[in-house]
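Summary of the model geometry
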Amino acid sequence: TELSASPPCGARRMLASQPLTRMAAARPLFKKLLVANRGEIACRVMRTAHRMGIETVAVYSEPDSRAPHVALAGQSVCVGSAASA
């Protein structure tokens, strides 16, 4: 997708043009990110957050206790023994 000619306050253009290492050097908007998802998307989000210096938290049910997204998270919280969807 192409960025619009005039993004709000230039934010999109600035973020799109900077590598993650420069973005991580800036002060993050928040310190910790809760990822309430699982699978490859959750793993990508967590890897990117880690590169940006943001801590991650995964929530999971007992059947997912050994899932990759739980292992990648800096912190994980079990929400019960409900079957995973």
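Above this note sits the structure.
The rules we used
Residues numbered from 1 in each chain as written. Predicted model: local features only at pLDDT ≥ 70, side-chain atom pairs only at ≥ 80, totals over all residues. Heavy atoms only, no water. Core = buried A, V, L, I, M, F, W, Y, C linked by side-chain atoms within 4.5 Å. Buried < 20%, exposed > 50% of the residue type's maximum accessible area, 1.4 Å probe, protein only. Contact = heavy atoms within 4.5 Å. Salt bridge = Lys/Arg side-chain N within 4 Å of Asp/Glu carboxyl O. Helix = DSSP H or I, 4+ residues; strand = E, 2+ residues; numbered from the N terminus. Pairing = 2+ DSSP bridges. Axes fitted to C-alpha atoms, helices over the stretch in contact; angles between N-to-C directions. Polar contact = N/O pair within 3.5 Å; in protein donor to acceptor, adjacent residues only side chain to side chain.

1. Re the nonpolar core
In terms of nonpolar packing, the biggest core is built from 5 residues, these being Val 35, Ala 42, Met 46, Ala 58 and Ala 73. Ignoring any residue separated from it by four or fewer positions in sequence, one finds Ala 73 in contact with Met 46, Thr 56, Val 57 and Ala 58.

2. Describing the pattern of salt bridges
Within this structure, the stated rule accounts for 4 salt bridges. With a closest N to O distance of 3.2 Å, Arg 44 and Glu 40 form a salt bridge. On the criterion of helical spacing, the pair formed by Arg 44 and Glu 40 is a turn pair, its members being 4 residues apart in helix 3 (residues 40-51). For Glu 40, a relative accessible area of 43% translates into the label partly exposed. For Arg 47, the salt bridge identified is with Glu 40, shortest N-O distance 3.1 Å. Taken together, the shared-partner salt bridges in this structure form one network comprising Glu 40, Arg 44 and Arg 47.

3. What to know about the sheet that holds strand 2 (residues 55-60)
The sheet built from 3 strands is open, its strands ordered 1-2-3 with parallel pairing. Because the sheet does not close on itself, it has two edges, and the strands there are strand 1 (32-35) and strand 3 (75-78). Averaged over all pairs of adjacent strands, the angle between strand axes in this sheet comes to 20°, irrespective of strand direction. Here 4 bridges tie strand 2 to strand 3, and the two strands are oriented parallel to one another. In the strand pairing of strand 3, Ala 58 is matched with Ser 76. Along the sheet face, helix 3 touches strand 1 and strand 2 and points at about 175° away from the line of strand 1.

4. A look at the side chain of Thr 56
Counting through the fold element by element, Thr 56 comes out in strand 2. For Thr 56, the side chain forms a polar contact with the side chain of His 50, separated by 2.9 Å. Of the polar contacts made by the side chain of Thr 56, one reaches the backbone nitrogen of Gly 74; its length is 3.1 Å. Contacts of Thr 56, omitting those with residues within four sequence positions, involve Leu 33, Met 46, Ala 49, His 50, Leu 72, Ala 73, Gly 74 and Gln 75.

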